[in-house]
Amino acid sequence: MALLWWRPRKIEHHFSKQGIRGPPYRFFIGNAKELVGLMLKASSQPMPFSHNILPRVLSFYHHWKKIYGATFLVWFGPTVRLTVADPDLIREIFTSKSEFYEKNEAHPLIRQLEGDGLLSLKGEKWAHRRKIITPTFHMENLRMLIPVVATSVTEMLDKWMEMSSDSGEVEIEVSEWFQTLTEDVITKTAFGSSYQEGKAIFRLQAQQMDLAAEAFQKVFIPGYRFFPTRRNMNSWKLDKEIKKSLMKLIQRRKENSGEEMSGNCPKDLLGLMIQASMKEMLSMIVNESLRLYPPAIATIRRAKVDVELGTYKIPRGTELLIPILAVHHDQAIWGNDANDFNPARFSEGVARAAKHPLAFIPFGLGVRTCIGQNLAILQAKLALAITLQRFTFQLAPTYQHAPTVLMLLYPQYGAPIVFKRLSDRVDSQDQGS
Ligand code: HEM
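On a predicted model such as this, the values are computed, not experimentally measured, just so you know.

So, the overall build of the protein chain
The helix and strand tally for the protein chain stands at 17 helices and 12 strands. Burial statistics for the protein chain: of 433 residues in total, 24% are counted as buried. For the protein chain, restricting intrachain contacts to residue pairs at least 6 apart in sequence, the fraction spanning at least 24 positions comes to 73%.

This is how it looks when you write it as structure tokens:
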């Protein structure tokens, strides 16, 4: 009772003395009813075609910010979260005072998907694992991966060329293809020559993802994942299979540790990447896309001790919600054109794109910043560059603009795009020149 009633009251009082308010706590459910209502309303229909996606994707933040200001308290059940969208405060949380904060326990479904992975580890276990994995993603190693990634992209585009061979154009639901491409690239990065087995593991994980997504839609009951329901039993079986296959692969990698990853991409594609101006432009386009549509729309940290954040006094155990998407769309930081797609804003580099040097944080910040960042950017740039060599493209008439979030940002009704072959290139290729 004390936990569910008096403690929330005390916390509300503690913050209101500091000028921080929020929607009032309700016994046990906190603000869950309003949160779900706002989310359901926002996702009930597609939105007009605009990059102003905050009201749809983070509807609760957009709604309560108007009433209580950008820094407010919101209750996820009896758990309180303080929203923090000020880049100076974000810098404190992730860099200058990061030792006072820890990663939030992942949602049980995410833990199940990820296993004992880097994302949800803490303390020494995390530091040890991160140290082992980091070299894989160093720029020198990634440079060696360019032909590997380019081959995956080229194989995908070859299939699109085939699909468009009759009429010269084809409509493609790109989100599924790019999901497969990413799996392909990560499998090659992580598993090298044991590629086929790596693919099989991804298939098993995809099934897990489906089960998790299904469960996510339902009300989350603590302890539910331990019940021997049909879905849980399926999920446990899959989990066992994934672990067994991974162990086999890791063992094999240990045995063949000298083995090189192979890639046989045409050399002229590398030339494309080397053209400095093209590279600059691609970086700007990828950055602007990640600004407007950051796949991780928010992240959470928990105060390990009583801590000062700017002038605020934060009691131990308080969770801080950093709405990455809201920071990226903030007009006070990015100017009046914050909701426009304008890659040129990155022309003088990331640090100068906005009024604050840390306003662009699609990969997080500080020690727990994304380990796959360089690989992700490399893949996006290569995919774009090679696609532009072969096709022009535009949204399909059937596209419905409905960005939404289930763990990550994704298009609710898919992303159908019409690709038109560049006839010059097709002709010259057909003639073998
Ligand atoms: C566009 C693509 C990607 C985006 C936007 C992204 C975003 C992020 C963000 C925001 C974090 C920090 C989360 C936090 O601080 O709470 C993170 C962490 C992480 N990401 Fe990514 N990521 C991407 C691609 C990848 C890829 C391709 C990999 C693996 C190959 C990867 C592996 C990881 C790992 C392991 C962590 C945890 C690092 C740690 O806690 O030490 N990510 N990512």
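Side note on the site of the ligand
Neighbouring the ligand are 17 residues, the closest being Thr-299, Gly-364, Cys-370, Gly-372 and Ala-376. Looking at the shell around the ligand residue by residue, the class counts come to 11 nonpolar, three polar and three charged.

Points about the sheet that holds strand β3 (residues 101-103)
Pairing is mixed across the open sheet formed by five strands, whose spatial order is β1-β2-β8-β5-β3. Of all the strands in the sheet, the pair left with one neighbour each is β1 (73-76) and β3. Sheet twist, expressed as the average angle between the axes of neighbouring strands with direction ignored, equals 35°. As defined by bridge partners, strand β5 (residues 299-303) adjoins strand β8 (residues 319-322) across four bridges and the pair is classed as antiparallel. Across the sheet, the residue bridging to Arg-302 is Glu-319, located in β8.

Considerations on unusual backbone geometry
Even without glycine at this site, Phe-28 takes up a positive phi of about 65°. Checked against the element boundaries, Phe-28 lands in the loop between α1 (2-16) and α2 (32-43).

Regarding the UniProt feature "binding site: heme" (unreviewed entry) in the protein chain
The feature "binding site: heme" (unreviewed entry), as annotated in UniProt, sits at Cys-370 in this numbering. Tracing the backbone shows Cys-370 in the loop between α15 (331-334) and α16 (373-390). Overall, Cys-370 belongs to the partly exposed group, with 16 C-beta atoms counted inside 10 Å.

Observations regarding the pairing of β8
As judged from the three bridges shared by strand β2 (residues 79-83) and β8, these two strands associate in the parallel manner. By the bridge assignment for β8, Arg-81 is matched with Glu-319.

Some details on the nonpolar core
Counting 40 residues, the largest nonpolar core has Leu-58, Val-84, Ile-93, Ile-322, Leu-325 and Ala-326 as its most contacted members. Those elements that provide at least two residues to this core are α3 (54-57), α4 (59-68), β1, β2, α5 (87-96), β8 and α14 (324-328). Among all residues touching Ala-326, those that are not within four sequence positions of it are Leu-54, Leu-58, Tyr-61 and Ala-85. Ranked by size, the runner-up nonpolar core spans 15 residues in total, among them Leu-145, Val-149, Leu-378 and Ala-380.

Quick notes on the sheet that holds strand β4 (residues 169-173)
In space, the three strands of this open sheet follow the order β4-β12-β9, with antiparallel pairing throughout. A strand with exactly one partner marks an edge of an open sheet, and here the two such strands are β4 and β9 (391-395). Strand-to-strand twist across the sheet, computed as the mean angle between neighbouring axes with direction ignored, equals 25°. Of the strand pairs in this sheet, β9 and strand β12 (residues 416-421) are connected by five bridges, and their pairing is antiparallel. Each bridged residue has a counterpart across the sheet, and for Phe-393 the counterpart in β12 is Phe-419.

Describing the environment of Ser-96
If you trace the backbone, Ser-96 turns up in helix α5. Expressed as a C-alpha distance, the spacing of Ser-96 and Lys-66, which sit 30 residues apart in the sequence, is 30 Å.

Focus: the environment of Ile-314
As for its position among the elements, Ile-314 is in strand β7 (residues 312-314). Measuring from C-alpha to C-alpha, the distance between Ile-314 and Ala-303 comes to 7.4 Å, with 11 residues separating the pair along the chain. Not counting residues up to four positions away in its chain, the partners in contact with Ile-314 are Ala-303, Val-307 and Leu-309.

Some words on the confidence of the model for the protein chain
For the protein chain, the mean per-residue pLDDT works out to 83, and 76% of the residues sit at or above 70. Helix α17 (residues 423-430) is the least confidently modelled element of the protein chain, averaging 50 in pLDDT, while α14 averages 98, the highest of any element. Counting contacts from residues 216-222, a segment whose pLDDT is below 50, to residues more than four positions away or on other chains yields two contacts. Counting interchain partners and residues more than four positions distant, the pLDDT-below-50 stretch residues 426-433 has two contacts.

Points about the packing of α2 against α4
At a closest axis distance of 8 Å, the pairing of α2 and α4 adopts a crossing angle of 115°. Overall, the two elements α2 and α4 adopt an arrangement that is roughly perpendicular. Crossing of α2 against α4: the hand is right-handed. Residues Leu-35, Leu-38, Met-39 and Ala-42 of α2 form the contact with α4, whose own contacting residues are Ser-59, Phe-60 and His-63.

Rules and cut-offs
Residues numbered from 1 in each chain as written. Predicted model: local features only at pLDDT ≥ 70, side-chain atom pairs only at ≥ 80, totals over all residues. Helix = DSSP H or I, 4+ residues; strand = E, 2+ residues; numbered from the N terminus. Buried ≥ 20, exposed ≤ 12 C-beta atoms within 10 Å, placed from the backbone. Contact = placed C-beta atoms within 7 Å. Near = placed C-beta within 6 Å. Nonpolar A, V, L, I, M, F, W, Y, C, P; charged D, E, K, R; others polar. Pairing = 2+ DSSP bridges. Axes fitted to C-alpha atoms, helices over the stretch in contact; angles between N-to-C directions. UniProt positions renumbered as here; feature names shortened; annotations may be inferred. Core = buried A, V, L, I, M, F, W, Y, C linked by C-beta atoms within 7 Å. pLDDT = per-residue confidence, 0-100. Parallel < 35°, antiparallel > 145°, perpendicular 65-115°, else oblique. Left-handed = near helix turned anticlockwise from the far one by under 90°.

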